[in-house]
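Close look at the chain arrangement
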Amino acid sequence: MSRFWSNIVSELTPYIPGEQPKLPDLVKLNTNENPYGPSPQVLAALREATEDSLRLYPDPTASELKQTLADYQGLNSAQVFVGNGSDEVLALAFMALLKHDAPLLFPDISYSFYPVYCKLYGIDYLTVALDDAMRIRPQDYQEPCGAIIFPNPNAPTGVDLPLAGVETLLRDHPDAVVVVDEAYVDFGGQSAVTLVERYPNLLVVQTFSKSRSLAGLRVGCAFGHPDLIEALERVKNSFNSYPLDRLALAGAVASLHDEAYFQQTRQAVIASREQLTADLAALGFEVLPSVANFVFARHPQHDAAQLAAGLRARSVIVRHFNAPRINQYLRISIGNVGECAALMTALRALV
Ligand code: PMP
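Residues numbered from 1 in each chain as written. Predicted model: local features only at pLDDT ≥ 70, side-chain atom pairs only at ≥ 80, totals over all residues.

A word on the packing of helix 3 (residues 63-73) against helix 8 (residues 246-257). Describing two packed helices takes the angle between their axes plus the distance from one axis to the other. Two numbers describe how helix 3 lies on helix 8: the axes approach to 9 Å, and their chain directions differ by 20 degrees. Classified by the interaxial angle, the pair formed by helix 3 and helix 8 is roughly parallel. Our pair here, helix 3 against helix 8, has a crossing hand that is left-handed. Here Glu 64, Leu 65, Thr 68, Leu 69 and Tyr 72 of helix 3 come into contact with helix 8, specifically with Leu 249, Ala 252, Val 253 and Leu 256. (Axes fitted to C-alpha atoms, helices over the stretch in contact; angles between N-to-C directions. Helix = DSSP H or I, 4+ residues; strand = E, 2+ residues; numbered from the N terminus. Parallel < 35°, antiparallel > 145°, perpendicular 65-115°, else oblique. Left-handed = near helix turned anticlockwise from the far one by under 90°. Contact = placed C-beta atoms within 7 Å.)

Right under this line is the structure:
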């Protein structure tokens, strides 16, 4: 701590993402990246943008990307916001949309960045317990609140809340913004984007990091009523008027144009998830029903921290959270067929 720090900085407990080791022969299943890499069309667009225009500032309105996203979702561009990864979109949403006179509600087990943003912006929050099957129960969100946020499917569980449940929350809290963080929705969840026209209090946040394999490019987006989008734009323009760099804009647009590659890699991840779920169950693991690109699993006879350490000793990295109720679980990202096989070989030596 430094005497030059403000009280806010002194009290921050920043989020620490999963590690990004450089070792080439590791099987890296710890941060939910996509094993298949971006579309070849994206790589071509990145090369072209690099050669042609890095000397120039990017489009401050990101108009081509916004319009492409709007067309993709059947919305208009005033209902679309873009930012550097969904983490940035979420950070701006926390500042723009969360009322400071009423608490924010989110599940007790969910994305650990939410309490970090609350601390940063001085927002009160209350957590709502998941049920015994680790599901979000909309009926339990009864406290008066300024906003509600949750990942759907939830992280790190992978369990989804069906759209009817999302609508219950939207209807029960017409004066609160309901932020649905859909980082993993493309692997089998139901997107709430279809509800945007009907609910002015809905903000849906998505990312290009997972299903579009562009975690390194940092592209996120949000869909909602133009008033909500305008709030995000105001906050963003008070920080940095360029939402995305030229490579990110070019790569994201190209990704949306290659629907065939998107569908093919998404289905490959889903197929591997189903196979991995069956293989883990055969080894005695209890696996939560996941619609994400990871599974959350525990073994009744083996300590999760020890399993994670044993895997690491065999060059496989998964995520273990030392947190109440989930410290006996491993979160395992879905790799390609070879990576899943290497994981299973390592696990068979351990259980
Ligand atoms: N939301 C959830 C639930 C996540 O797990 C992640 C990834 N850590 C993000 C948002 C942020 O992803 P990105 O910033 O790469 O878009």
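According to UniProt, the feature "modified residue: N6-(pyridoxal phosphate)lysine" (unreviewed entry) maps to Lys 210 in the numbering used here. For Lys 210, the position within the fold is in the loop between strand 7 (202-207) and strand 8 (220-224). (UniProt positions renumbered as here; feature names shortened; annotations may be inferred.)

Let's shift gears to the sheet that holds strand 12 (residues 330-333). Reading across from one edge, 9-10-12 is the order of the three strands in this open sheet, with antiparallel pairing throughout. Two strands close off the open sheet at either side, each with one partner strand: strand 9 (286-287) and strand 12. Here two bridges tie strand 9 to strand 10 (residues 294-298), and the two strands are oriented antiparallel to one another. Residue Val 287 lies in a different strand from strand 10, and its bridge partner there is Ala 297. (Pairing = 2+ DSSP bridges.)

Quick look at unusual backbone geometry now. For the bond running from Asn 152 to Pro 153, omega is 0 degrees, close enough to zero to count as cis. When you line up the elements, Pro 153 lands in the loop between strand 5 (147-151) and helix 6 (163-172). Geometrically, the link from Ala 155 to Pro 156 is a cis peptide bond, its omega value of 10 degrees lying close to zero. Residue placement: Pro 156 occurs in the loop between strand 5 and helix 6. You will see that Asn 32, though not glycine, has its phi angle at about 55 degrees, which is positive. By the element assignment, Asn 32 lies in the loop between strand 1 (27-28) and helix 2 (40-53). Note on Asn 32: 23 C-beta atoms within 10 Å, which makes it buried. (Buried ≥ 20, exposed ≤ 12 C-beta atoms within 10 Å, placed from the backbone.)

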